[in-house]
Each structure stands twice: as C-alpha cells, then as structure tokens.
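Here's the letter readout for the chains.
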Amino acid sequence: MCNEVAPQLCENQAMSEAARPIDVSPDFSDLFEGLQAIFDSNRTRRLDWRAEQLTALERMMTECEQELMDALRADLGKHPQESWTTEISYVAADAAYCRKHLKRWTKKRRVHTPMLGKPGKSWIQAEPLGVVLIIGAWNYPLQLVLAGLAAAIAAGNCAILKPSELSPETSKAIARLVPKYLDGDCFKVIEGAVPETSALLELPFDHILYTGGGKVGRIVMAAAAKHLTPVTLELGGKSPCVVLPDADLETTARRVVWGKYTNAGQTCIAPDYVLTDADTEALLIPLMEKAIEEMFGADPEQSDSYGRIVNDRHFSRLSALLQSGQVAIGGQGNAQTRY
C-alpha cells in the first residue's frame, strides 16, 4: 500500500524538496497496538478523564498562545489577531463546548420500540470507537488538527495526530506541546510527510478524519475501505458569492474582501468568485478596492495583517493564474516573500 499511495500523496500534498525519499517505510504497528491496549483498558471512557483532557487542551491554548502565534507567523505570515481568532481561540472554544456537553452527549437516550421488539425497551447509547487518526491540513494547521482532537477526546477515543509537513513550525509546536499537556499514553503525534502518512494509512483505525483535497481524500477513503474504517472527509470546494443589484454594496464589498483575504485567501470556504450583473460589477469593484485599502493600506505588501502563501509551489501556481484574466486590483507579487 505504501508504494502505491506515496507518489499520489506526494503530488497532491505538494511536498517540499526537503522531504524524505518516498521509499522510506516507517512502521507504526507497535505504537498503534499500544493505543489499542490503552483504549481496551477503559481509561478513555471515563467522563472525568475526558473532561480533564479537554480542560488541558483549553489551558494549552492559553498558556502557549505566544508560542503558537509565532509558529503560525513563521509558516503562513499570520497576524497574531488572525491566529488567535481563526485558530487558537477556535480550538479553545471547541474544547470548552465539548466539555460542557459531555454528560448530555453520553447520556442514554430512550427511543421508540417497534411492535416486534416488545415487551423489550430500546435506547441509543453513544460509545467510543477506539483509535482515531487525524490528518490535518496546512492552511489552518493548528485548528484542523486540534479541533478534531477535541471531538475525539469528547467521544472517549485514543488518537494519532498527523500535522501537515507544509506548515513545519506549527507541526513542531503540536508535537512538542501535546505530550506536555495531554495524556501521552492516549495521544501520539507523528510528524513527517508521505512515508509517514502512507504507513499510518495501512493501519486498521476505528475512524479517520482528513482535511485536504479531493484526490488525496480518495486515497484516504480507499485505504480506510480495506479495514471498513469510517471516515470524515473535509475536502474544500468552490464558494461563489451571489450579489444582487439591491444589495448593500459597501457592506458586501467589506464582507467579500474580509472573507477572501483572511489567511491570504488560503481558506476552503473563502469566496472564490462573484456572480452578479455588469452594472453591479462596475459599482462593486471600486468598493472592494476601497475595502482592501481600509484593511491593509495602500500597499498591502507592507501590512503586517496580510499573510503569505505557504510555499513556493503554491506561489507559482497562483501567480500563473494572474495571466489568465484581466487584473482589476493589484496583481503584484514577490517570490522571495511569497506575497
């Protein structure tokens, strides 16, 4: 499986030149079996344990805020406010929400018993699955790993976390902090690239959470199918904005600009294009230009609030797109800083 999957993963995850060769085949079987044994001991089923782990995850977001902001700045050029809003506080709020709802989510729920089942009684009882694999993405490298972890903890599972190698500083921070704050017997972080991901996908996980592109999503789903492993795939997409002539165009322009240029546009639900009529377009573009200047100044490249493209390959891909149409606003780039 490793030799078959690795080239496709390499292509679709845009591996950096520094990545290890794809013929390296790590073996995580012992680590996985250790997590299965811990799960079978029933440690993760206890609600008090789950609450403790979720509280620790919240605390990690608070106590390590600056360290995490620095990592996100290094990987994606994120402003501290943006890092806090879209990643750090998001994870903390997710953990708090899960903690507050633990008892209700795990409570036995009575349901209707069909005639053939009587005089028996029926109920639904939520149960942990076992060992979960969480494969994160590079664009929100903290949130997309740790929010999934909060859900896995709340459900009473053990987990292996695989942060994206394309955001190396955040990956290192996760690998350093998770064992410091959380139960190291129950949660493991695997750093690396294609060989590590391929090796992990060989294992019979009880659930896999993957965020990324559709092509790799198919690889993950095919690997999971061999073990009948259920999957949760968040594969992005295209997000149009429909602007009707009677819209408040100033408000619309600010919202479109904010949604698009947060994280330098590297968001799966960022507005990708606008559908409108020609007259509205003529009014909307100048208002968008005004909104950009209000948010990032006359020269957005000098603004510390505007992030950067994650790597050279994606910078080149996006720069090439500028040749395919008419530039309405901006259009400049800087390969050295990936602006």
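In short, a report on the structure. (Residues numbered from 1 in each chain as written. Predicted model: local features only at pLDDT ≥ 70, side-chain atom pairs only at ≥ 80, totals over all residues. Heavy atoms only, no water.)

### Examining the overall build of the protein
- Counting its regular elements, the protein contains 13 helices and nine strands.
- Taking the principal axes of its C-alpha atoms as reference, the protein extends roughly 70 × 55 × 40 Å.
- Residues counted as buried form 45% of the 339 residues belonging to the protein.
- Long-range contacts, defined here as pairs at least 24 residues apart, represent 75% of the contacts in the protein between residues at least 6 apart.
- When the accessible surface of the protein is summed, it comes to about 17600 Å², and 54% of that surface belongs to carbon and sulfur atoms.
- Computed over 35 positive and 43 negative side-chain charges, the separation of the two mean positions in the protein equals 10 Å. (Helix = DSSP H or I, 4+ residues; strand = E, 2+ residues; numbered from the N terminus. Buried < 20%, exposed > 50% of the residue type's maximum accessible area, 1.4 Å probe, protein only. Contact = heavy atoms within 4.5 Å. Areas by Shrake-Rupley, 256 points an atom, 1.4 Å probe, with all protein chains shown as cover. Lys, Arg positive; Asp, Glu negative; His and termini not counted. Charge placed at Lys NZ, Arg CZ, Asp CG, Glu CD.)

### Observations regarding the pairing of strand β6 (residues 207–211)
- Counting buried residues along β6, four of its five residues qualify, which places the element largely inside the surrounding structure.
- Sheet topology places strand β3 (residues 131–135) next to β6; four bridges connect them, and they run parallel. For Ile-134, the partnering residue across the bridge sits in β6 and is Leu-209.
- Of the pairings in the sheet, the one linking β6 to strand β7 (residues 231–234) comprises four bridges and is parallel in character. Looking across to β7, one finds that Thr-211 is bridged to Glu-234.
- Considered for its hand, the β-α-β crossover made up of β6, helix α10 (residues 214–225) and β7 is right-handed. (Pairing = 2+ DSSP bridges. Right-handed = clockwise from strand over helix to strand, strands pointing away.)

### Observations regarding a nonpolar patch on the surface
- Together, Val-242, Leu-244, Tyr-273 and Leu-275 make up a nonpolar patch on the protein surface, roughly 390 Å² of accessible area in all.
- Within the secondary structure, Leu-275 is located in strand β9 (residues 273–275). (Patch = residues over 30% accessible without salt bridge, like charges linked within 9 Å, V, L, I, M, F, W, Y side chains within 5 Å. Salt bridge = Lys/Arg side-chain N within 4 Å of Asp/Glu carboxyl O.)

### Thoughts on the nonpolar core
- Within the largest apolar cluster, 59 residues are counted, with the highest numbers of intra-cluster contacts made by Leu-146 and Leu-161.
- Per-element tally for this core: the top contributor is helix α7 (residues 143–154), with seven residues.
- Non-local contacts of Leu-161, meaning those with residues more than four positions away in its chain, are made with Ile-134, Val-145, Leu-146, Leu-149, Ile-174, Val-178, Lys-188, Val-189 and Ile-190.
- Leu-249, Val-257, Met-288 and Tyr-339 belong to the second-largest nonpolar core, a separate cluster that totals 16 residues. (Core = buried A, V, L, I, M, F, W, Y, C linked by side-chain atoms within 4.5 Å.)

### Focus: the packing of helix α11 (residues 249–261) against helix α12 (residues 278–296)
- In the contact formed by α11 and α12, the axes pass within 8 Å of each other and the chain directions differ by 55 degrees. With respect to their mutual orientation, α11 and α12 come out oblique. Helix-helix and strand crossings are classified by hand; for α11 and α12 the assignment is right-handed. Contacts from Leu-249, Glu-250, Thr-252, Ala-253, Arg-254, Val-256, Val-257, Trp-258 and Tyr-261 in α11 reach Thr-280, Leu-283, Leu-284, Leu-287, Met-288, Lys-290, Ala-291, Ile-292, Glu-294, Met-295 and Phe-296 in α12.
- Class assignment of the residues belonging to the contact of α11 with α12 gives a composition of 14 nonpolar, two polar and four charged. (Axes fitted to C-alpha atoms, helices over the stretch in contact; angles between N-to-C directions. Parallel < 35°, antiparallel > 145°, perpendicular 65-115°, else oblique. Left-handed = near helix turned anticlockwise from the far one by under 90°. Nonpolar A, V, L, I, M, F, W, Y, C, P; charged D, E, K, R; others polar.)

### Describing the packing of aromatic side chains
- This model, assessed by the stated rule, comprises six aromatic pairs.
- Here the aromatic rings of Phe-296 and Tyr-306 are separated by 5.2 Å at their centres, their planes lie at 70 degrees, and the arrangement is edge-to-face. In this pair, Phe-296 is assigned in helix α12 and Tyr-306 in the loop between α12 and α13 (312–321), connecting sequence segments ten residues apart. Across the pair, Tyr-306 and Phe-296 agree in class, each one buried. (Phe/Tyr/Trp six-rings, centres within 6.5 Å; stacked < 30°, edge-to-face > 60°.)

### Describing the sheet that holds strand β5 (residues 187–189)
- Read from one edge to the other, the open sheet built from five strands follows the order β5-β4-β3-β6-β7, with strand pairing classed as parallel. With one partner strand each, in any of the chains shown, β5 and β7 form the two edges of the open sheet. Strand-to-strand, the axes of this sheet are offset by a mean angle of 10 degrees, without reference to chain direction.

### Thoughts on a negative patch on the surface
- Taken together, Asp-248, Glu-250, Glu-289, Glu-293 and Glu-294 make up a surface patch of like negative charges.
- At three residues, the largest contribution of residues to the negative patch is made by α12.
- Residue placement: Asp-248 occurs in the loop between β8 (240–242) and α11.

### Thoughts on the pattern of salt bridges
- Taken as a whole, this structure holds 13 salt bridges when the rule is applied.
- Between Glu-63 and Arg-59 there is a salt bridge whose closest N-O contact spans 3.6 Å. Here Glu-63 pairs with Arg-59, and both are found in helix α3 (residues 47–63), just four residues apart, close to one helical turn.
- Judged by relative accessible area, which is 37%, Arg-59 ranks as partly exposed.
- For Lys-172, the salt bridge is made with Glu-169, and the minimal N-O distance between the two is 3.4 Å.

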